[in-house]
Amino acid sequence: MATEAGRGSGYLDVLRAPHAARLLAGTLVGRLPNGTGPVAIVLFARSEGGSYSLAGGLAAAYGLANAVGQPLLGRLVDLKGQPRVQLPAAVVSALGMVLLAVVGIAPLPPAYAAVVVAGLFTPPLEGGLRALWPSVLGSEDRVHRAYALDAVAQEVMFTVGPLLVTLLVALQSPAAALVVVNVLGVLGALSVVVSKPSRDWRSAPREAHWLGALRSPGLLALLGSFLFVGIALGSITVAGVAYADDHGDSSVYGWLMAALGLGALIGGVFYGARQWAGAPERRLRVIVALLALGYLPLILTPGVVAMTVLSGVAGVFLAPALACGFIVVDRHAPRGTVTEAFSWLVTTFGVGAALGTAVAGPAVELSGTSASFAVAAAGGFAALLVLLATTRVLAVPGRSVRHAGHADNSAYSSENDRNAAVEPGFSSGHRA
C-alpha cells in the first residue's frame, strides 16, 4: 500500500538542500569506474583477443577484489574520516586500470594484478554518501527519499555508463575507455571529499568488535539475498556481450544495458515518489519476487527490438529493491558501523557479480547465450528464497534507535519517532 509522498516537492526538496546536489553528482561520477568496470574489462579483454572465459575471469577478479576492499576501506572511513581514505583510494584504483590499459592481457599475471589493485582500492563512495545524508538533510522522510534518489542516480550511471564506454570504444579504443572513465572517477571523488559535509563528518562511537557490522543476524540475511541479486546482474554483463556478438553488432550490448538501466530508473522514480506503509522487510520480499520474474523472459533471447524492451522491463524493480534494501540495512546495522555496513552491501554485489560473470562465461561457451540469461533468472529466485527463509530474523530490527555520527540531533530523533507510525518497526536514525 502506498500513499502520496510527503511534504515539499519530492526529489527537488532533497536536491535543494545545501550540498546535496553536489554530493550526489560527485558520488555518481566517482562511482562511474566501479559501475562500468566489469563492462570495460570484458570489452577490453575481448578486443585483445581474449576468450569469454578470460574476460569473465578478469571481471570476476576485479569484482572479488572490490568485495574485499569495500568493507575494509569502509571501516577505515569510519575510523579516519572520508577525505583521508576516499581520495587516495580513488587514485590508486585508477592507476590499476591505467596499468591494465598499458600492459594488456599478455602476459596474464600483470593483467590480473592490475584489475585486483583497481578493485581493491575502489573508494567506498556509496556508503560514504549514505553516511552524509542525515547531516545534510536532517529529517527521516528526506533521508528515505534520498535513498530512492541515490538508487535512481545509480541507474542513471548504469544507463549512461555502458553507452559512454561503448562510445569511447567506438571513437578511440577499449584502452582509452578504461583511462577516461577512471580519470572521471578520481575527479568525482575529489569533488566529494573537499566538500564541507565530507570534511566535517565523523562516525558515531562504535562498540569494539572484530565482526563490526556483520554481528547483526538481520544484516547477514539481507546480504545473503543481495549476493544472489549481484549474481543476476553480473551474469547479464557477459550474457549481453554474447547476445550482441550473436547479432554481429557490439553496439547492441550498450542498448541492452541502457534499457536495463532505464527500466530501473523508471521504477526508482516511481518508488521514491511515494511514501510506503508497512515494514520494509515485507515490502522487499515482494519487490525481489517481481525482480526475479522480470529476468525470466530474457532467456527467450528474441530479436534486438524485443530484447531491448524485455531488458527495460527486467530492470524496473532493481532500483526499488536497492532503495528498500538501504532502509533494511539501516534498521539492522549496529551503531557506529555507518560506512562499513553499506560497504558490505556493495561487497555482496561485488562477490555476486564476480560469481555471475565467472559462471555466465562458461555457460555461453557450453550452452549458448540463453543459458547465460538463465543464470540471471536463477540468481533472482535464489535471492527471493533467502528472504523467505530468513523472514523471522529480518522481522526483528537490530535496535530501536541509531544515530548518524555527529550529525545526530534530538530534532531528527523526534522526526523518527513521529514517522514510526507510518512505517511500523522502523529503527530511527540514518547512518548511510
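Rules of the game
- Residues numbered from 1 in each chain as written.
- Predicted model: local features only at pLDDT ≥ 70, side-chain atom pairs only at ≥ 80, totals over all residues.
- Heavy atoms only, no water.
- Helix = DSSP H or I, 4+ residues; strand = E, 2+ residues; numbered from the N terminus.
- Buried < 20%, exposed > 50% of the residue type's maximum accessible area, 1.4 Å probe, protein only.
- Contact = heavy atoms within 4.5 Å.
- Axes fitted to C-alpha atoms, helices over the stretch in contact; angles between N-to-C directions.
- Parallel < 35°, antiparallel > 145°, perpendicular 65-115°, else oblique.
- Left-handed = near helix turned anticlockwise from the far one by under 90°.
- Nonpolar A, V, L, I, M, F, W, Y, C, P; charged D, E, K, R; others polar.
- Patch = residues over 30% accessible without salt bridge, like charges linked within 9 Å, V, L, I, M, F, W, Y side chains within 5 Å.
- Areas by Shrake-Rupley, 256 points an atom, 1.4 Å probe, with all protein chains shown as cover.
- Salt bridge = Lys/Arg side-chain N within 4 Å of Asp/Glu carboxyl O.
- Phe/Tyr/Trp six-rings, centres within 6.5 Å; stacked < 30°, edge-to-face > 60°.
- pLDDT = per-residue confidence, 0-100.

**Q** Which parts of the structure should I look at to understand the overall build of the protein?
**A** Helix and strand counts for the protein stand at 19 helices and two strands. The buried share of the protein, taken over its 432 residues, is 59%. Counting only contacts in the protein whose residues sit at least 6 apart along the sequence, the fraction spanning at least 24 positions is 85%.

**Q** Please explain the packing of helix α13 (residues 280–295) against helix α17 (residues 369–389) as it appears in this structure.
**A** Between two packed helices, the angle of one axis relative to the other and the distance separating the axes together describe the packing. Look at α13 against α17: their axes get within 8 Å of each other, and the N-to-C directions meet at 160 degrees. By the criterion of interaxial angle, the relationship of α13 to α17 is roughly antiparallel. Considering the relative orientation of α13 and α17, their crossing is left-handed. Along the contact surface, α13 presents L284, R285, V288, A289, A292, L293 and Y295, while α17 presents A376, A377, G380, F381, A383, L384, L387 and L388. Residue composition of the contact of α13 with α17, grouped by class: 13 nonpolar, one polar and one charged.

**Q** Honestly, the environment of V309 in this entry has me stumped. Any pointers?
**A** Along the polypeptide, V309 turns up in helix α14 (residues 304–315). Distance in space between the C-alpha atoms of V309 and A259 is 7.1 Å, their sequence separation being 50 residues.

**Q** Any chance you could explain the side chain of S93 here in plain terms?
**A** Along the chain, S93 turns up in helix α5 (residues 83–103). The contacts of S93, once residues within four sequence positions are left out, are V117, A118, F121, T122 and N182.

**Q** Which parts of the structure should I look at to understand a nonpolar patch on the surface?
**A** On the surface, V29, V180, V183, L184, L187, L190 and V194 cluster together into a nonpolar patch covering about 500 Å² of accessible area. Of the residues forming the nonpolar patch, the biggest block, five residues, is contributed by helix α9 (residues 174–193). Structurally, V29 is set in helix α2 (residues 20–30). The partly exposed category is assigned to V29, whose relative accessible area is 33%.

**Q** What am I meant to see in the packing of aromatic side chains here?
**A** Each aromatic ring pair is specified by the distance between its two centres and by the angle formed by the two planes. Following the criterion strictly, the structure yields five aromatic pairs and no others. Aromatic side chains Y147 and F326 sit 5.9 Å apart centroid to centroid with 70 degrees between the ring planes, which places their arrangement in the edge-to-face category. Remark: F326 occurs in helix α15 (residues 318–332) and Y147 occurs in helix α8 (residues 140–171); sequence separation between them is 179 residues. Since its relative accessible area comes to 0%, Y147 is described here as buried. Overall, F326 belongs to the buried group, its relative accessible area being 2%. Measuring from centroid to centroid gives 5.5 Å for Y271 and W276, while their planes differ by 20 degrees, and the two rings are stacked.

**Q** Help me understand the confidence of the model for the protein, please; the structure alone is not making it clear to me.
**A** Low-pLDDT portions of the prediction should not be read for the details of their coordinates. Scored by pLDDT, the protein comes out at a mean of 81, with 87% of its residues at no less than 70. For the protein, per-element mean pLDDT is lowest for helix α19 (residues 410–419), which scores 36, and highest for α5, which scores 94. Low pLDDT (under 50) marks residues 1–8, which in the prediction has 18 contacts with non-local residues, meaning those over four places away or in another chain. Scored below 50 in pLDDT, residues 399–432 makes 101 contacts in the model with residues more than four places away or belonging to other chains.

**Q** I would appreciate a short explanation of the environment of M257 in the present structure.
**A** For M257, the location among the structural elements is in helix α12 (residues 251–272). As a C-alpha pair, M257 and I236 span 21 residues in sequence and 8.6 Å in three-dimensional space.

**Q** What's the story with the pattern of salt bridges in this structure? I'm lost.
**A** Between side chains of opposite charge, a pair can form as their charged atoms come close. Considering all chains together, one arrives at nine salt bridges under this definition. Its salt-bridge partner being E126, residue R31 comes within 3.9 Å of it at the nearest N-O pair. Of this pair, R31 sits in the loop between α2 and α3 (32–47) while E126 sits in helix α7 (residues 125–137), placing them 95 residues apart in sequence. Across the pair R46 and D245 runs a salt bridge whose closest N-O atoms are separated by 3.6 Å. One end of the pair, R46, is in helix α3; the other, D245, is in helix α11 (residues 217–246), with 199 residues separating them in the sequence.

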